[in-house]
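Coordinate analysis (summary)
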Amino acid sequence: RQAKSRHDYQPPAFLIPTIDLHFELDSAATIVSSVMQLRRQTAGAALKLDGQHLKLLQVLIDNKQLSDAQYDLSGESLTIPDVPDAFELKIVTQIAPVENTALEGLYMAGNSYCTQCEAEGFRRISYFLDRPDVLSEYRVTIKAAAASYPYLLSNGNKIAEHITADGSRIVQWHDPFPKPCYLFALVAGDYDLLEDNFITASGREVALQLFVDKGQAHRGDFALQALKRAMRWDEQRFNLEYDLDIYMVVATDFFNMGAMENKGLNVFNSKYVLAETATATDRDYFNIESIIGHEYFHNWTGNRVTCQDWFQLSLKEGLTVFRDQEFSADMGSATLCRIDAVKLIRTAQFAEDASPMAHPIRPESVLEMNNFYTVTVYDKGAEVIRMLQTILGKEGFAQGMALYLKRHDGQAATCDDFIRAMQDANRYDLSQFALWYSQSGTTQLTASQQYDAATQVLTLTLGQSTAATADQSVKKALLIPVRIELLLSGNEKQSHLLLLTEYDQVFSFNNISNEPVVVWLEHFSAPVKLQQQSSDDALLHIAAFATDGVARWDAIQQFWSRKVAEVIAGKNAQHVLPPKLFQMMQSWLRDPGDDKALIAELLSLPDFETLAEQYEQIPVDGILSALEQFRQIIADRLQSDFVSCYQQVPVSAYQYDEASVGNRRLRALCLGYIAFQHNSQQLLQAHYHQADNMSDTIAALMASQQAQTDTFKALLADFSQRWNSDVLVMDKAFGLAATQPSEQVFTSIEEMQSHPLFSWKNPNRVRALFSAFSMRNPRQFHSADGKGYQLLQYAVAKMDAINPQVAARLITPLLSWRRYDESRQQAMRNVLQVLADSSSLSNDVFEKVSRSLS
Ligand code: HT7
Ligand code: ZN
């Protein structure tokens, strides 16, 4: 097994300016013929095309069939040693979509045909130069039985459609924009179609089409409206207009990830398209809008300008996540969006940095590309883009974007190209900043303050250090933008941006009339861990008075993580909590104001995963026990306030808007604490039965589940019964079953595997059960007897034979076994070893297991 290195990049030896693809669809034997024009770029080079799981039927050069001796079919490539400088190549292959359970290439999604070509799926459709820097103009012809396949879709514009005498439908598509093959898509099926249109800023009409499974049309409208909001937003914020005359979105229940930005023909996991009040939570609505936006924004950042090679993935993904975050912030609560993003960095991304899979946002070495669609590449990548905007300003950043897109439109670019455009548009030296692309790991920031009352000078000292990671031992000083706010007496406030460029640096401020409380890293201005000397009182002061909602939330999170540490160190949970804390929480509950969603966040304890990332060796039992004690103390001390707040928050007919989401969130928060009182059963049942929407229903289920009440079992049974034929809602039931904090979870997971809707071939189902268990049930996943680890190993092994990409994602929580206590280390290592010993491990799982055990 051979890893690839970023530095080994060579431009392609041949270009393929045009490709004509013909598909005769058949689930067991689809015939694909591909006619390509090729042009040599490198003298003397043989033509080596990628291909996997293909049956080669014919190879012709300039209409002449090649004999077996004229090409070599070893490994996963087709090599033709002797080819002219410019020629036409025809290749005919046969594939079996029905056998394709990996869901890469052309596969069956129920009765429909669907493709997924990113990262390297096109090679499962035909022999090709399957790399992002080979851009071709595509013409696609699809033939299938007309009655069963009313819709035969591909990228670009439809140029012809007819039905033959023998009942076949034949449809032709042309995409005028040259694209890499990872953006190719084909979909064939019988769908419900929702249609709308969009008039671009320059007055062009774009047809919008959303294809959903039969009977699901009523759940498609929100996504379609979200698409129109995204299209308008990109025009207004970045001056970017859509370029084709049609934009299609297909929703499928069989998908390895969230969605895919194929040019003009997005394919979406139905979870991120379908929504109605009764079945979708506020979180679902949020995700739909943000992912619809994300895939749409890729049209410029990813499609018009694509990546030179897969090491540059963050060029399109980090940038596009940043763009979707900015879109979501503008559509709803900017504070809540930011808090969500920060939580993800502090949990999954910091964990990845501390794991054997640590890598920079631009990885250096990759065995299986699918393993690098990571929170580091995506979400830390987005943080890096955000820092650029913080440093250059919104206007400067927009100018840099414009220059980048102008320079590289129609090209495959690199992260360095992006930085260069930002630098040139702003005449700003970004050479030190560029280290964020090559350096992995989480930087630790230390911050302290000194105030001299006599001279009225405030001195702030910042230091940075980054510990060695699994992939890289030496770390340099980064350019880190640190936004601060000074909270002075009399409600006076000052904001500053500090640019930390050295390992240690001092910043002085004159004419500061009194010693301020300093809000460090306001709005999480850099993806780092912060260690500050501020007192508990100062943290609570920030939580009450900082301008930035994110900083308020952050302060109270830091306060709690200190308290958890104190309890782990042996202090009494009751004694470490000052009266001021409860007074503050009480005042929030009594007068939550307009931003109720923020109040709900301020009243929430940090989750296990956030706290775990503060420790090199994770004290599982200590964290869980401290959290349980604090939760019960808060529930008891503020019992009547939770009840009255719960009763006072307005309840109205379901609407998805910022104020109503905030109301539901705060009521759910109160319910969550009330559930820890023994007399809460009635209220939980009432909340569940009176709910007119899925958010409230789930709130009742989760509150009763977390408090381990008897009500939970009955409610979950009712819920599963009510929705037993709706896959998307049953995923929520699977998730609830898998996150029960009690030992009952093992029986429930066993039972759920026999549910008629559960299928190992469907990634959504497997994730709903097993990812939920391993990533959101720390108590039972880390069960001292190792049962949780064994369950995950069983799921990974089973899944690896079916869908390696999904299996490799499932295994993640086991990789960091070195961070746990002796006996858990032993148990985790044992199950990893069992996997490593398997003779048929995929590259995907092998790469992770081998890095973890080495
Ligand atoms: N760019 C898309 C990535 C993706 C993907 C990658 C590997 C295998 C399956 C996949 N499905 C989608 C999604 C995105 O970031 O927009
Ligand atoms: Zn993306």
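Remember, it's a predicted structure, so these values are computed and weren't measured experimentally.

Let's talk about the overall build of the protein
- Helices and strands together make up the secondary structure of the protein, namely 27 helices and 30 strands.
- Here the C-alpha radius of gyration of the protein, 28 Å, is about what a compact globule of 854 residues would show, namely 29 Å.
- For the C-alpha atoms alone, the extent of the protein along its principal axes is close to 85 × 65 × 60 Å.
- The buried share of the protein, reckoned over its 854 residues, is 52%.

Topic: the site of ligand 1
- Inspection of the region around ligand 1 gives 15 residues, with Glu118, Asn256, Met257, Met260 and Tyr373 positioned closest.
- Those elements that place two or more of their residues in the shell around ligand 1 are strand E19 (259–260) and helix H2 (282–297).
- When its residues are assigned to classes, the shell around ligand 1 shows five nonpolar, six polar and four charged.
- Two domains each donate at least three residues to the shell around ligand 1, and these are domain 1 (16–190) and domain 2 (306–438).

Quick notes on the sheet that holds strand E17 (residues 205–212)
- On the basis of which strands lie adjacent, the open sheet formed by five strands has the order E16-E17-E18-E20-E19 and mixed pairing. Two strands close off the open sheet at either side, each with one partner strand: strand E16 (192–199) and E19.
- When strand E18 (residues 246–252) meets strand E20 (residues 265–269), the two strands line up parallel, connected through five bridges. When the bridges of E20 are listed, Ala251 appears paired with Phe268.

Here we look at the nonpolar core
- Membership of the largest hydrophobic core comes to 269 residues, with the highest contact counts inside it found for Leu186, Val187, Ile288 and Leu769.
- Tallying contributions element by element places helix H5 (residues 375–408) first for this core, with 13 residues.
- Not counting residues up to four positions away in its chain, the partners in contact with Leu186 are Phe23, Leu106, Tyr113, Thr115, Val140, Ile142, Leu153 and Ser154.

Brief notes about the UniProt feature "domain: Peptidase M1 alanyl aminopeptidase Ig-like fold" (unreviewed entry) in the protein
- If you check UniProt for "domain: Peptidase M1 alanyl aminopeptidase Ig-like fold" (unreviewed entry), the listed places come out as residues 441–532 in our numbering.
- Here residues 441–532 runs as 0% helix and 53% strand, with 20 Å between its end C-alpha atoms.

Quick notes on the pairing of E16
- Of the strand pairs in this sheet, E16 and E17 are connected by eight bridges, and their pairing is antiparallel. What sits directly across from Glu195, in E17, is Gln209.
- Hairpin connection between E16 and E17: a loop of five residues separates the two successive antiparallel strands, and Gly203 in this loop has a positive phi of roughly 95 degrees.

Regarding the packing of helix H16 (residues 681–690) against helix H17 (residues 694–706)
- At a minimum axis separation of 7 Å, H16 and H17 run at an interaxial angle of 155 degrees. Between H16 and H17, the angle falls in the class roughly antiparallel. H17 is crossed by H16, and the crossing has left-handed handedness. Of the residues in H17, those in contact with Leu684, His687 and Tyr688 of H16 are Asp696, Thr697, Ala699, Ala700, Leu701, Ala703 and Ser704.

With respect to the UniProt feature "domain: Peptidase M1 alanyl aminopeptidase C-terminal" (unreviewed entry) in the protein
- What UniProt calls "domain: Peptidase M1 alanyl aminopeptidase C-terminal" (unreviewed entry) maps, in this numbering, to residues 536–853.
- From the first C-alpha to the last, residues 536–853 spans 41 Å; its make-up is 71% helix and 0% strand.

Description of the sheet that holds strand E26 (residues 480–487)
- Taken together, three strands build an open sheet; the order of strands is E27-E26-E29 and the sheet is antiparallel. Sheet topology places strand E27 (493–500) and strand E29 (517–519) at the edges, where each strand pairs with a single neighbour. Taken over all neighbouring pairs, the strand axes of this sheet differ in orientation by 30 degrees on average, direction set aside.

Rules used throughout
- Each chain has its residues counted from 1, following the order in which its sequence is written.
- Working convention: letters from A go to chains and numbers from 1 go to ligands, in the order in which they are written.
- For this predicted model, a pLDDT threshold of at least 70 governs which residues receive local features, and a threshold of 80 or more governs which side-chain atom pairs are given and counted, while totals over whole chains, interfaces and linings are taken from all residues.
- Secondary structure elements follow DSSP: runs of H or I no shorter than four residues count as helices, runs of E no shorter than two count as strands, and numbering proceeds from the N terminus.
- Atoms considered for the radius of gyration are the C-alpha atoms alone. The globule rule reads 2.2 Å times the number of residues to the power 0.38.
- With C-beta atoms placed from the backbone, a residue is labelled by how many other C-beta atoms lie within 10 Å of its own: buried for 20 or more, exposed for 12 or fewer, partly exposed between the two.
- Contact assignment follows one rule, namely that a residue is near a molecule or strand if its backbone-placed C-beta atom lies within 6 Å of it.
- Think of it as three bins: nonpolar holds Ala, Val, Leu, Ile, Met, Phe, Trp, Tyr, Cys and Pro, charged holds Asp, Glu, Lys and Arg, and polar takes everything else, Gly as well.
- Segment limits for the domains were obtained from an automatic or database-derived domain assignment.
- Pairing between strands requires that DSSP locate at least two bridges from one strand to the other.
- Note on terminology: a nonpolar core is any set of buried Ala, Val, Leu, Ile, Met, Phe, Trp, Tyr and Cys residues joined through C-beta atoms within 7 Å.
- Whether two residues are in contact is decided by their C-beta atoms, placed from the backbone, lying within 7 Å.
- UniProt positions are given in the numbering used here, feature names are shortened, and annotations may be inferred rather than shown by experiment.
- Angles here are taken between N-to-C directions and fall from 0 to 180 degrees, while the axes themselves are lines fitted to C-alpha atoms, restricted in helices to the stretch in contact.
- Here is the rule for angles: anything less than 35 degrees is roughly parallel, anything more than 145 is roughly antiparallel, 65 through 115 is roughly perpendicular, and the remaining ranges are oblique.
- The handedness criterion is simple: a crossing whose near helix is rotated anticlockwise from the far helix by less than a right angle is left-handed, and one whose near helix is rotated clockwise is right-handed.

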